[in-house]
Amino acid sequence: MEGKIAISADERKNKIFPTDSDQEQDISVGNLDPFTTENSEEKSEERNIDVGRKMIRDVKVVQPHSQLPQPEAPPGLLSRSNSDEDSDDDVSKQKPKSAAESFAVDMPAIGKLIRERSNNFSAAFVKKISSFRENAEDAILKPKSIPDVTEFNLSGLTVVVRLKNDEKKVIKGRISFFSRSNCRDCTAVRRFFREKGLKFVEINIDVYPQREKELIDRTGSSSVPQIFFNEKLFGGLVALNSLRNSGGFDSRLKEMLGSKCPDDAPAPPVYGFDDDVSDEEESEDDMVGVVRVLRQRLPIQDRLMKMKIVKNCFAGSEMVEALIQHLDCGRRKAIEIGKQLASKHFIHHVFGERDFEDGNHFYRFLEHEPFIPKCYNFRGSINDGKPKPAAKVSEKLTKIMSAILEAYASDDRQHVDYIGISNSEEFRRYVNLTQELHRINLHELSTEEKLAFFLNLYNAMVIHAVIRIGHPGGIMDRKFFSDFQYLVGGHPYSLSIIKNGILRNNRRPPYSLVKPFGSGDKRLELAFAKGIPLVHFGLCDGTRSSPTVRFFTPQGVEAELRCAAREFFRSVGIEVNLDKRTVHLTRIIKLFNSDFGQEKEILKWIISYLDATKAGLLTHLLSDGAPIHVEYMNYDWSVNT
């Protein structure tokens, strides 16, 4: 066919898509004349169109097979070769062309289409940006009115947000009040300020005993609570109730706290500063001088005893010789001094088998015991001060922990702010106070004092353990219940030791085959002769399913335990389903069933701790003689925060 030749694929590619050298040549030629006119541009465009048409005509079109579908041109991209523009050409006078030849690519049409699409897109984009800018300006110049109540519908959940139009009043001054632990009036004042949303500074005299003198100087008495607005004394709970009932509290508050707090107002407690302690309270033990000499002179080393390597120990005969040389005394006197050191827990037999004796028996100092690294109340050295009475130390611990709960726990004690406790000055003082437990004599406590002491120690250790290592993951969490220990009276006490060894009379823990104390363990002397089932409702494990945390007093520990059991069973401890004749009990009874007896006996025992409704339902089930199905609730081990 005239005007059409067969070319190779490479040649066709080079013609349709010119190489970089060709483009550079065209660019260089086009740039010779920097003053291009409009006529030259039109001629150049026409010349490019003619070249494009010629290149397309030179391409040989391969005819498809007759059985294949005929190609169709996309609308708007292809134009017929016999258009009106080419009607004067010689090619149009030739013989009729086939269907495939009757379509040709119109290159200018493609460029025009791309330019039109680009222009349309740019215009739409600019219009959208302009609309966004106008809306933003309108929102700034003319803010919409905010309704009092805004309602959002989120997939079936309706959230109502109430917006306050009135700005919150700014208080420039400071509210502070003096208090004591376990004071009902102080609790009422604290609750009133919290309900009002007012910030206040509480100065607990039991936590900061030296502030009591300041209280007496400012008020003339040591009674609490005493409320101060800035430096001015407002009064106690009676004054607060009278002003609240008259409706003049807000105006009085604005009047007294409208100015900045002066320097002569009661100062808030400062973290990290201890009170000055008198020499009488911190007197050293009489034997400390002798102990310090022995620590320097005795050959402390590892020994072999009963086919075991015993670390950091010395022989009894070696200590006797050192005492004779230092005190210039006889051997009998030196042995007596050694027994005194052992009774005061400065030294221990390596296996805890006997008191101090002369001879080839091995002993070690208390700070060298292998359990010391697990004791979280040991801070580098043993407390060498004269041991204080155990009852006094117990009272101080109870007061400071009660103050912590009052400040950092909810009113019902269901939720505890462990982060707030860990950062508080009260908790720092508590940790320092636990060092006084190192060598106290627990045998001097009465039965009630001992019961309150171990109940309070357990609950305090749980708070400390949650802060240091986290909440327990289950009843067999050894890290929490066994490895977290305190050094008390010269011996280690874990949570499991206190609960199962002391309070439960050396009974095996759940899922364990070993008792806490062996036959020769001296801690067994402190165990209660008879187990007390009520202790389970006075011990908090820091979880949601355990009883609420509380601290007990020696004078009313038994009544307080009954109150704790009553609150627990009336809230979450038991559920009675009369229709199904099913009683749902707390899993605590299942875990420690040996302390409670058979299920029917347990149900009869629980009736006295239930409210009237639950007690009536349970009595009805027990009275008709029909079988009762008992199920135990799942235990929630998540932290009670």
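Higher on the page you've got the structure.
Residues numbered from 1 in each chain as written. Predicted model: local features only at pLDDT ≥ 70, side-chain atom pairs only at ≥ 80, totals over all residues. Heavy atoms only, no water.

Colleague: An account of the overall build of the protein is requested, with residue identities and associated values reported.
Modeller: Scanning the protein from N- to C-terminus turns up 21 helices and 17 strands. In the protein, which comprises 641 residues, the proportion classed as buried is 37%. Relative to all contacts within the protein whose residues are 6 or more apart in sequence, the contacts with residues 24 or more apart total 69%. When the accessible surface of the protein is totalled, it reaches about 38500 Å², and 51% of it is carbon and sulfur. (Helix = DSSP H or I, 4+ residues; strand = E, 2+ residues; numbered from the N terminus. Buried < 20%, exposed > 50% of the residue type's maximum accessible area, 1.4 Å probe, protein only. Contact = heavy atoms within 4.5 Å. Areas by Shrake-Rupley, 256 points an atom, 1.4 Å probe, with all protein chains shown as cover.)

Colleague: Which residues make up the sheet that holds strand β16 (residues 582-585), and what values do they have?
Modeller: Strand order in the open sheet formed by 3 strands is β15-β16-β17, and the pairing between neighbours is mixed. One side of each edge strand has no neighbouring strand; the edge strands of this open sheet are β15 (574-577) and β17 (629-632). Averaged over all pairs of adjacent strands, the angle between their axes in this sheet comes to 20 degrees, without regard to strand direction. Note: β15 against β16, 4 bridges, orientation antiparallel. Within β16, the position partnered with I574 by the bridge is L585. Lying over the sheet, helix α21 (residues 612-623) contacts β15 and β16, oriented at roughly 55 degrees with respect to β15. (Pairing = 2+ DSSP bridges. Axes fitted to C-alpha atoms, helices over the stretch in contact; angles between N-to-C directions.)

Colleague: I'd love a proper account of the packing of aromatic side chains, names of residues and values included.
Modeller: What the rule picks out here adds up to 25 aromatic pairs. Ring centres of F569 and W605 lie 6.5 Å apart, and the angle between their planes is 85 degrees; on these two criteria the pair is classed as edge-to-face. One end of the pair, F569, is in helix α18 (residues 557-573); the other, W605, is in helix α20 (residues 599-606), with 36 residues separating them in the sequence. Its relative accessible area of 26% is what places W605 among the partly exposed residues. Among the aromatic side chains, those forming a connected cluster through ring pairs are F177, F192, F193, F200, F229, F234 and F249. (Phe/Tyr/Trp six-rings, centres within 6.5 Å; stacked < 30°, edge-to-face > 60°.)

Colleague: Before we move on, can you summarise the side chain of R581 with the specific residues and values?
Modeller: Residue position: R581 is located in the loop between β15 and β16. At 2.7 Å, the side chain of R581 and the side chain of D624 are in polar contact. Leave out the neighbours within four places in its chain, and R581 touches L621, D624, A626, P627, I628 and H629. (Polar contact = N/O pair within 3.5 Å; in protein donor to acceptor, adjacent residues only side chain to side chain.)

Colleague: Account for helix α17 (residues 495-503), with residues named and values stated.
Modeller: Counting buried residues in α17 gives 9 out of 9 residues, a clear majority hidden from the surface. On its buried face, α17 is in contact with α15 (447-469), α16 (478-481) and β14 (491-494). With its phi angle positive at about 60 degrees, N505 sits one or two positions after the end of α17.

Colleague: Would you mind going over unusual backbone geometry in detail, with residue names and values included?
Modeller: At the junction of V224 and P225, the peptide bond is cis and its omega measures out at 0 degrees in the coordinates. Mapped onto the elements, P225 comes out in the loop between α6 (211-219) and β7 (226-229). Residues other than glycine seldom take positive phi values, yet N182 does so here, at roughly 60 degrees. Here N182 lies in the loop between β5 (175-179) and α5 (184-196). At R581, a position not held by glycine, the phi torsion is positive, near 50 degrees.

Colleague: Give me the packing of helix α12 (residues 390-408) against α15: which residues, what numbers.
Modeller: Following both chains from N to C, one finds α12 and α15 inclined at 45 degrees, their axes separated by 10 Å at the closest point. Of the possible angle classes, the one that applies to α12 and α15 is oblique. Once α12 is placed against α15, the crossing between them reads as left-handed. The segment α12 lies against α15, with A391, S394, T398, M401 and L405 engaging E449, F453, N456, A460 and I463. A per-class count over the contact of α12 with α15 returns 6 nonpolar, 3 polar and 1 charged. (Parallel < 35°, antiparallel > 145°, perpendicular 65-115°, else oblique. Left-handed = near helix turned anticlockwise from the far one by under 90°. Nonpolar A, V, L, I, M, F, W, Y, C, P; charged D, E, K, R; others polar.)

Colleague: Account for the pairing of β16, naming residues and giving values.
Modeller: Connecting the antiparallel pair β15 and β16 is a turn made up of 4 residues, with R581 showing a positive phi of about 50 degrees. Across 4 bridges, β16 lies against β17 in parallel orientation. In the sheet register, H584 faces β17, and the bridge partner there is E631.

Colleague: Describe the sheet that holds strand β11 (residues 347-349), naming the residues involved and giving the relevant values.
Modeller: Strands in a sheet are paired, the pairing made by backbone hydrogen bonds, and the direction either parallel or antiparallel. Taken in spatial order, the 4 strands line up as β9-β10-β12-β11 in an open sheet, and their pairing is antiparallel. Edge positions in the sheet fall to β9 (301-305) and β11, since each has one partner strand and no second. Here the average twist between neighbouring strands, direction ignored, is 55 degrees. Sheet topology note: the strand β10 (residues 308-315)/strand β12 (residues 362-365) ladder contains 2 bridges and is antiparallel. From the neighbouring strand, A315 faces β12, where its bridge partner is F362. Taken strand by strand, helix α10 (residues 316-327) contacts β9, β10, β11 and β12, and its axis lies near 15 degrees from that of β10.

Colleague: Pulling in residues and values, what's your account of α5?
Modeller: Taking 1.5 Å of rise per residue, 13 residues should cover 18 Å, and α5 covers 19 Å from first to last C-alpha, within 8% of that figure. Within α5, the full set of buried residues consists of C186, V189, R190, F192 and F193. Along the long axis of α5, the arc covered by the buried residues comes to 160 degrees, so they all point the same way. Of the exposed residues in α5, the ones pointing more than 90 degrees away from its buried face are R184 and E195. Contact partners of the buried residues in α5: β5, β6 (201-204), β7, α7 (237-246), α8 (249-256) and α12. After α5 finishes, the residue G197 shows a positive phi value of roughly 75 degrees. (Expected span 1.5 Å × (residues − 1). Arc of directions from axis to C-beta.)

Colleague: Any chance you could break down the pairing of strand β8 (residues 232-235) for me, citing the residues and the numbers?
Modeller: For β7 and β8, the ladder comprises 3 bridges, and the chain directions are antiparallel. Among the inter-strand pairings, I227 is bridged to a residue of β8, identified as G235.

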